[in-house]
4 protein chains.
Amino acid sequence: MSHNSFGHLFRVTTWGESHGPAIGCVVDGCPPGIPLTEADIQPALDRRRPGQSRFTTQRREADQVRILSGTFEGVTTGTPIALEIQNTDQRSKDYGDIAQRYRPGHADLTYDLKYGIRDYRGGGRSSARETACRVAAGEVARKILGAGITIRAALVRIGPHGIDRSRWDWSQIEANPFFCPDPVAAEQWAVYLDEIRKRGSSVGAVVEVIAEGVPAGLGAPLYGKLDSDLAAALMSINAVKGVEIGDGFDAATLTGEDNADEILAAPNEAGGPHIFGSNHAGGILGGISSGQPVVARFAVKPTSSILIPRRSVGRDGQPVEVITKGRHDPCVGIRAVPVGEAMVACVLADHLLRDRAQNGPR
Amino acid sequence: MSHNSFGHLFRVTTWGESHGPAIGCVVDGCPPGIPLTEADIQPALDRRRPGQSRFTTQRREADQVRILSGTFEGVTTGTPIALEIQNTDQRSKDYGDIAQRYRPGHADLTYDLKYGIRDYRGGGRSSARETACRVAAGEVARKILGAGITIRAALVRIGPHGIDRSRWDWSQIEANPFFCPDPVAAEQWAVYLDEIRKRGSSVGAVVEVIAEGVPAGLGAPLYGKLDSDLAAALMSINAVKGVEIGDGFDAATLTGEDNADEILAAPNEAGGPHIFGSNHAGGILGGISSGQPVVARFAVKPTSSILIPRRSVGRDGQPVEVITKGRHDPCVGIRAVPVGEAMVACVLADHLLRDRAQNGPR
Amino acid sequence: MSHNSFGHLFRVTTWGESHGPAIGCVVDGCPPGIPLTEADIQPALDRRRPGQSRFTTQRREADQVRILSGTFEGVTTGTPIALEIQNTDQRSKDYGDIAQRYRPGHADLTYDLKYGIRDYRGGGRSSARETACRVAAGEVARKILGAGITIRAALVRIGPHGIDRSRWDWSQIEANPFFCPDPVAAEQWAVYLDEIRKRGSSVGAVVEVIAEGVPAGLGAPLYGKLDSDLAAALMSINAVKGVEIGDGFDAATLTGEDNADEILAAPNEAGGPHIFGSNHAGGILGGISSGQPVVARFAVKPTSSILIPRRSVGRDGQPVEVITKGRHDPCVGIRAVPVGEAMVACVLADHLLRDRAQNGPR
Amino acid sequence: MSHNSFGHLFRVTTWGESHGPAIGCVVDGCPPGIPLTEADIQPALDRRRPGQSRFTTQRREADQVRILSGTFEGVTTGTPIALEIQNTDQRSKDYGDIAQRYRPGHADLTYDLKYGIRDYRGGGRSSARETACRVAAGEVARKILGAGITIRAALVRIGPHGIDRSRWDWSQIEANPFFCPDPVAAEQWAVYLDEIRKRGSSVGAVVEVIAEGVPAGLGAPLYGKLDSDLAAALMSINAVKGVEIGDGFDAATLTGEDNADEILAAPNEAGGPHIFGSNHAGGILGGISSGQPVVARFAVKPTSSILIPRRSVGRDGQPVEVITKGRHDPCVGIRAVPVGEAMVACVLADHLLRDRAQNGPR
């Protein structure tokens, strides 16, 4: 086990703090013979990178990834792939405030309670900056999954404002600063989030990830379930407080006949998957993929670093009022969209290898 | 790794099918010197046991647990604890129907797609019967946690009917057949579920688990997070489709100032935990317990075995209509209540040991 | 991790004490669709079973294995396979002596030092009885490996008496009570071991395991090495104090030109393996199988339970003299022969699955 | 699991190839609050560094380690520690020969058989260069173990020439280029190895590692045994072909009465360990440390890269003669001495944490 790894056969170990010299990860278990260069990974990092709109933190990081091992002449060799990203924009500001007082809702307190020490600069290990490593690893995972499996995510809620699913248009995702598939909602969000940002507040969000082309048979009873691993992976992202598969919590309100995804036809001769009348299950039955799209959703809480004063205590136990200046995301859920995609990619790649081990190639 | 184990230092491996000779589990990593006999485990199994009201399956199982190893003269020895429960009420009914056709919403299909074979009798490995092993392991976990940590769960929703939290009364939990903390809701549920049951349908539910007395410092960034492991553990329970920590999905709708749990006082001299103004976080910040109650919630979908006909296909690919006769739970979420407690207990025991390894005793 | 499991994708977890009601193991990760019944496992247990000659302990155990899960209609289903063996010949003798004093060279002392408690009856968890579970799991492993891979072991040394390798004859293995491939040595050993046995002593031994038909490509740099896992697996057997691959310690005395296994021909068109001029490497280069026979050797120390008095201390710290009466193996190395085979089978099955996960089928 | 990690609670994942930009490792699970800077690690790397005498490869590497994460103000924080070493002396030589032909006894062949691709420059991932990461991680492990546990290793054999144990003098270890505790043997070895080196040959060696001050109680039955993990760790070092604990293979030749380590006195009031009459067991009984010094030994085969021509085949399957020019160790066993220390330190640190998890602090 490792506190800082995830996956079993496709296994990622991340390291690094917000204001150390670099962050990075080791990706172990990647099959050999897969073309892989920095150029394959960089676009996804660029999508996640902060500072691209007024709605994300203004920290400027190039987020240039380097592959330090595991490839030879542009192809994976089967040995561990080390990925590294330099930290370049650590401002030499005074962190005295954060060092000595605990932001309500932040990990400041629990790190100190657990370890008795913390690297408070920029949030240290608990900074969302670490998610860059997830995104980088996710691109390696996508290479393993191949072109037949597509994993896309979208922001479907900001605070009280959801989307209208009838307007869902994947092509809108890159057309607004929110990864929002509903162009009307995106415009409303811009107004709403400007207000939030200007008064120094923040707000939560919901991200939905959809993986299409996932072959049936990934996952395993009863603790190696695909949905169990997805839940762990998505819940491990900073600020995530809930995870759903398919209908999720809405399934609790349904009857058996309404929740059942009727099976309308067996695979055709070309080997296409079964055809279902609905997808309440989110593509997973009994912990195993059914061939339908895998659908997961996760809730991101509002950033705890805000300009609005909150009551707290200092390291000395004395009451203080906390106002967090600096560069922060008014809605950290936005940048969680590519991170969610990456985590789902990593879980699927892991289960693809796990299934191949036990059951041979599909 | 193992597809059928969970936990790391407190590690449980379960085995068994619904209609095999027995089910069981191996609990590894338990500290030595803890008093443990079958009498410590049996009451929890009795709580989960089916056939105790008309609202659960009428299968009659004694669910008598035997400890086959790992204790000596009534005390744990530090070696693996094997727990075993005989299957006694496997009816010699004809399973021809289930064998040849796939129940919509059930794991029948995906087991066949993955393995090409399945033990269809009573659902085989995917039967909720397996959860007895979780409950048994959970009682061992509670012994490790000690009397200072209490883990209780309640059913807070059946289908469209939630509870009124202002009426929450833990003493009601054992006073109705639903583990419902709201006596008024329990009465409504009885009427509603009778109707569901009589027309051969089923319905979903939501379970809430609250762990009190959890010391601060359990969990770890970034993939060994306490919430990440809770999510995996709860999502691994049969029929679970969603998991929340604290406010969960509601946190997505909040602003930063509303979501922040203000810290009102540092620990007192007796070592009591910090005092907070609220618990939106569900007792976990940055993946680490804060000393507040740990609050988790999970959604259970309706049982897929129903008497109402649904369209499906057979193993031969031909269209069929599926009606599942036999003994089934109209709301499998009811029996998930003790299972949820058990999984939270196992995760906490695991993290207690993991934290002690790295940080010494608390 | 687990203290009582081995393997990763083919993963075995054992449990049980010498004088508890039963011992057993859970075999997880076995591919589905493999014919498997008790009759496939029992012969190997019968080979290991004590009481078959005057050179092993006179404890009489039927060692009848039961499969409690993981198969359906005689075929594996991909779910965990629980194997169980009842303990039937636990003599109701007085263990007061062993309970209160530490046999020199035995685990009595260290169990007490570690756990503060031990099941002293028959050695408890440290009894060689546990190796029955390894043998049972090994037979499942052989099924995965298939008929093309044969794993055989032989005793090549008892105390000061080695074999003459020029007389190596596999057909002799079952023709003497020592699994000795040299019929002349076997006769000498009988005389020697009778003398050892009659004077209440014991003696060490060396076992050699040879796996033929192992495909090239199993294993992985740098910590998932095939030889590293073989070393761990063989060293985990009771009383083992050394492990060698190929020439082992003799390789330390060689020059590079003498140790090099020259490659004389590439694979033929039928896909046969490379042809080598020698096999100093024992079939493993850089942690990866080369296609040559895999050769491992392990040293078993003499049984520490002997009739010859040794000085020790009691639980109370007072000096005592220890004489261990009861039924013991004069050379526990004999029964380690099938155990060594089993452990090698388990490691190879695990690496076969691991390699298939990363590299696809061979 | 991971092919490139070792340890469980003290977990090291290494990455990097001989001629990539850098090598490194991630050390996870280190307790917080331990002073740690590059200056703590560098001396051990300097000991292992090549090019310090004519008896090791003439490759010149500064082997300067950088700590990229996991410490703050010179103290560990409990988060993963990333260590990195730049490769600076990768000669721009033509590797065409190694690329197209397989050195007998080398991993060239098996990497190609497994992965179908290999980074042949300097041996790629199979280069002994990787062991620098082990040494760096080992220094972190020593910090966890504390000053009370000392781990030292010595070369006790080069080819046919052993040491005279009556002359064992630890102070000689740093006084000769062989880490040899016997000054007379060291002089003989210099003459012998010069001859080996000049004729382009190489030779094997045996390393002995002794850990003193190890508390009783580390390790666990039956697969988490201390000796089992030591065997895996030492066998994972490049070119190692055998591992022994205590008397090792010699124990196979002993009788029970000769092998028994008599216990002469219980711990004194100051908590000192038991006193034993001998240490045939090498400090481990039943997989658990006894409080005596832990003694392990491993055999290193001769370097396969030699100037003496050997027969082999090329990638095209055609017969070739192989002569390996370039900078190589005539006895790679010499540099394995600090590597062996490091691996033992890592295993002990891991088991210290594992024991503390289950049994609390000692």
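Note that the structure is a prediction, hence the values are computed from the model and not measured.

**Q** I'd like a rundown of the overall build of chain A, residues and numbers included.
**A** Broken down by element type, chain A carries eight helices and 18 strands. Against the compact-globule benchmark of 21 Å for 362 residues, chain A has a radius of gyration of 21 Å, which places it among compact chains. In terms of its C-alpha atoms, chain A occupies a principal-axis envelope of roughly 70 × 50 × 35 Å. Expressed as a percentage of its 362 residues, the buried residues of chain A come to 69%.

**Q** Tell me about the UniProt feature "binding site: NADP(+)" in chain A, and please be specific about residues and values.
**A** All names here are of chain A. Mapped onto this numbering, the UniProt entry gives "binding site: NADP(+)" at Arg-48 and Arg-54. Tracing the backbone through its elements, the reader meets Arg-48 in helix 1 (residues 38-48). Counting through the fold element by element, Arg-54 comes out in the loop between helix 1 and strand 4 (65-67). If sequence neighbours within four positions are ignored, Arg-54 has contacts with Asp-194 and Arg-197.

**Q** Please give an account of helix 4 (residues 131-145) of chain C that cites residues and values.
**A** All names here are of chain C. Between the first and last C-alpha of helix 4 there are 21 Å, a value that for 15 residues agrees with the 21 Å anticipated at 1.5 Å per step. By the criterion of burial, helix 4 is predominantly enclosed, with 13 of the 15 residues buried. Backbone geometry just downstream of helix 4 places Gly-146 in the positive-phi region, at approximately 85 degrees.

**Q** Run through the UniProt feature "binding site: FMN" in chain A, naming residues and quoting values.
**A** Residues and elements named next belong to chain A. Those residues carrying the UniProt feature "binding site: FMN" are Arg-125, Ser-126, Ser-127, Asn-238, Ala-239, Gly-286, Lys-301, Pro-302, Thr-303, Ser-304, Ser-305 and Arg-327 in this numbering. Residue Ala-239 is classed as partly exposed on the basis of its relative accessible area, which comes to 21%. The residues touching Ala-239, leaving out its near neighbours within four places in the chain, are Ala-299, Val-300, Lys-301 and Val-332.

**Q** Describe the relation of the copies chain B and chain D, and please don't skip the residues or the numbers.
**A** Laying chain B over chain D is done by rotating through 180 degrees and shifting 0.0 Å along the axis; what remains is an RMSD of 0.0 Å. The operation mapping one copy onto its partner corresponds to a two-fold rotation axis. Distance from the rotation axis, computed per C-alpha, reaches its smallest value in chain B at Ala-357 of chain B: 2.1 Å. A share of 100% of the interface residues of chain B reappears at the interface of chain D, consistent with the copies meeting face to face through the same patch.

**Q** Describe the pattern of salt bridges, listing the residues and the values that go with them.
**A** Counted according to the given criterion, the structure contains 124 salt bridges over all chains. Asp-194 of chain C is the salt-bridge partner of Arg-54 of chain C, the closest N and O atoms lying 2.7 Å from each other. With Arg-54 of chain C in the loop between helix 1 (38-48) and strand 4 (65-67) and Asp-194 of chain C in helix 5 (residues 183-198), this pair connects stretches of sequence that are 140 residues apart. On the basis of relative accessibility, which here comes to 12%, the residue Asp-194 of chain C falls in the buried class. Because the salt bridges share partners, they merge into one network encompassing Arg-47, Glu-139, Arg-142, Glu-174 and Glu-341 of chain A.

**Q** Which residues make up the side chain of Asn-259 of chain C, and what are the values?
**A** Take Asn-259 of chain C: it is sitting in helix 7 (residues 256-259). Given a relative accessible area of 7%, Asn-259 of chain C falls into the buried group. Each residue touching Asn-259 of chain C, except ones within four places of it in the same chain, is listed here: Ala-251, Leu-254 and His-280 of chain C together with Lys-301 and Pro-302 of chain D.

**Q** Lay out the interface of chain B and chain D with the relevant residues and their values.
**A** For interface size, the figure often reported is the accessible area lost on association. On the chain D side, the residues contacting the 13 residues of chain B number 13 residues. Each partner contributes to the roughly 1,100 Å² buried at the junction of chain B and chain D, and carbon and sulfur atoms together form 56% of this total. Of all residues in chain B, Arg-356, Ala-357 and Gln-358 of chain B give up the largest surface area on contact with chain D, accounting jointly for 47% of the area buried on that side. Between chain B and chain D we count zero salt bridges in total. For the pair chain B and chain D, the number of links is nine residue pairs in polar contact (both at pLDDT 80 or more).

**Q** Break down the sheet that holds strand 10 (residues 205-212) of chain C for me, with residues and values.
**A** Taking strand neighbours across the sheet as the criterion, the 10 strands line up as 9(C)-8(C)-10(C)-16(C)-11(C)-11(D)-16(D)-10(D)-8(D)-9(D) in an open arrangement whose pairing is antiparallel. Strands at the two margins of the open sheet, each flanked by one partner only, are strand 9 (161-162) of chain C together with strand 9 (161-162) of chain D. Two strands pair when backbone bridges link them, and strand 8 (residues 150-158) of chain D and strand 10 (residues 205-212) of chain D are joined in this way by eight bridges, in the antiparallel orientation. By the bridge assignment for strand 10 of chain D, Ala-153 of chain D is matched with Val-209 of chain D. In this fold helix 8 (residues 336-359) of chain C packs onto strand 8 (150-158), strand 10 and strand 16 (294-300) of chain C, with an angle of close to 140 degrees to the strand it touches most, strand 8 of chain C.

**Q** Run through helix 6 (residues 226-235) of chain D, naming residues and quoting values.
**A** Counting buried positions along helix 6 of chain D yields 10 of 10 residues, so the element is predominantly enclosed. Taken residue by residue, helix 6 of chain D has Leu-226, Asp-227, Ser-228, Asp-229, Leu-230, Ala-231, Ala-232, Ala-233, Leu-234 and Met-235 of chain D as its buried positions.

**Q** Break down the environment of Ala-107 of chain D for me, citing the residues and quoting the values.
**A** Tracing the backbone shows Ala-107 of chain D in the loop between helix 2 (96-100) and helix 3 (108-115). Taking the relative accessible area as the measure of exposure, Ala-107 of chain D reaches 7% and is therefore buried. Apart from the residues within four sequence positions on either side, Ala-107 of chain D is in contact with Leu-285 and Gly-286 of chain C together with Ser-126 of chain D.

**Q** Just give me the short version of the packing of helix 8 (residues 336-359) of chain A against helix 8 of chain C, but keep the residues and values in it.
**A** At a minimum axis distance of 7 Å, the contact between helix 8 of chain A and helix 8 of chain C shows a crossing angle of 130 degrees. Here helix 8 of chain A lies oblique to helix 8 of chain C, going by the angle between them. Crossing of helix 8 of chain A over helix 8 of chain C shows right-handed handedness. In this structure, helix 8 of chain A contributes Leu-353, Arg-356, Ala-357, Gln-358 and Asn-359 of chain A to the contact, and helix 8 of chain C contributes Leu-353, Arg-356, Ala-357, Gln-358 and Asn-359 of chain C. Residue composition of the contact of helix 8 of chain A with helix 8 of chain C, grouped by class: four nonpolar, four polar and two charged.

**Q** Account for unusual backbone geometry, naming residues and giving values.
**A** Glycine aside, negative phi is the norm for most residues, and most peptide bonds take the trans geometry. Here the amide bond leading from Pro-221 of chain A into Leu-222 of chain A is cis, since omega sits at -5 degrees, within 30 degrees of zero. Mapped onto the elements, Leu-222 of chain A comes out in the loop between strand 10 (205-212) and helix 6 (226-235). At Glu-73 of chain D, a position not held by glycine, the phi torsion is positive, near 50 degrees. Relative to the helices and strands, Glu-73 of chain D is located in the loop between strand 5 (71-72) and strand 6 (75-76).

**Q** Kindly report on the interface of chain C and chain D, identifying the contributing residues and their values.
**A** At the junction of the two partners, chain C supplies 105 residues and chain D supplies 105 residues. Buried surface at the junction of chain C and chain D, both sides included, amounts to about 8,300 Å², of which 61% is carbon and sulfur. For chain C, the biggest contributors to the area lost against chain D are Lys-114, Tyr-223 and Lys-241 of chain C; these three give 11% of the whole. Inspection of the chain C/chain D interface yields eight salt bridges.

What counts as what
Residue positions are given per chain, counted from 1 along the sequence in the order it is written. Numbering of ligands from 1 and lettering of chains from A proceed in the order in which they are written. Only residues with pLDDT of at least 70 get local features here, since the model is predicted, and only at 80 or more are side-chain atom pairs given and counted; chain-wide, interface and lining totals rely on the full set of residues. Just so you know, side-chain values use all the structure's heavy atoms and leave hydrogens and water out. What counts as a helix is a DSSP run of H or I of at least four residues, what counts as a strand is a run of E of at least two, and both are numbered from the N terminus. Throughout, radius of gyration means the C-alpha value; the globule benchmark is 2.2 Å times the number of residues raised to the power 0.38. Exposed residues in this analysis have more than 50% of their type's maximum accessible area, buried residues have under 20%, and partly exposed residues fall in between, with area computed by a 1.4 Å probe over protein chains only. UniProt positions are given in the numbering used here, feature names are shortened, and annotations may be inferred rather than shown by experiment. Contacts between residues were defined by any pair of non-hydrogen atoms, one from each residue, lying within 4.5 Å. Every helix has an expected span of 1.5 Å times one less than the residues it contains. For the least-squares superposition of copies, only C-alpha atoms count, and only for residues with pLDDT at least 70 in both. Each reported salt bridge corresponds to a side-chain nitrogen of Lys or Arg within 4 Å of a carboxyl oxygen of Asp or Glu. When two parts are brought into contact, each loses some accessible area as probed by a 1.4 Å sphere; the total of that loss over both is the buried area. Polar contacts, as used here, are pairs of N or O atoms within 3.5 Å; protein pairs need one atom able to donate a hydrogen and one able to accept it. Residues neighboring in sequence count only if both atoms are side-chain atoms. Strand pairing is assigned whenever DSSP identifies at least 2 bridges connecting the two strands. Only C-alpha atoms enter the line fits that serve as axes; for helices the fit covers just the stretch in contact. Angles between N-to-C directions range over 0 to 180 degrees. For classification purposes, angles smaller than 35 degrees are called roughly parallel, those larger than 145 roughly antiparallel, those between 65 and 115 roughly perpendicular, and all remaining angles oblique. Should the near helix be turned anticlockwise from the far one by less than a right angle, the crossing is termed left-handed; should it be turned clockwise, right-handed. Note on residue classes: Ala, Val, Leu, Ile, Met, Phe, Trp, Tyr, Cys and Pro are nonpolar, Asp, Glu, Lys and Arg are charged, and everything else, Gly too, is polar.

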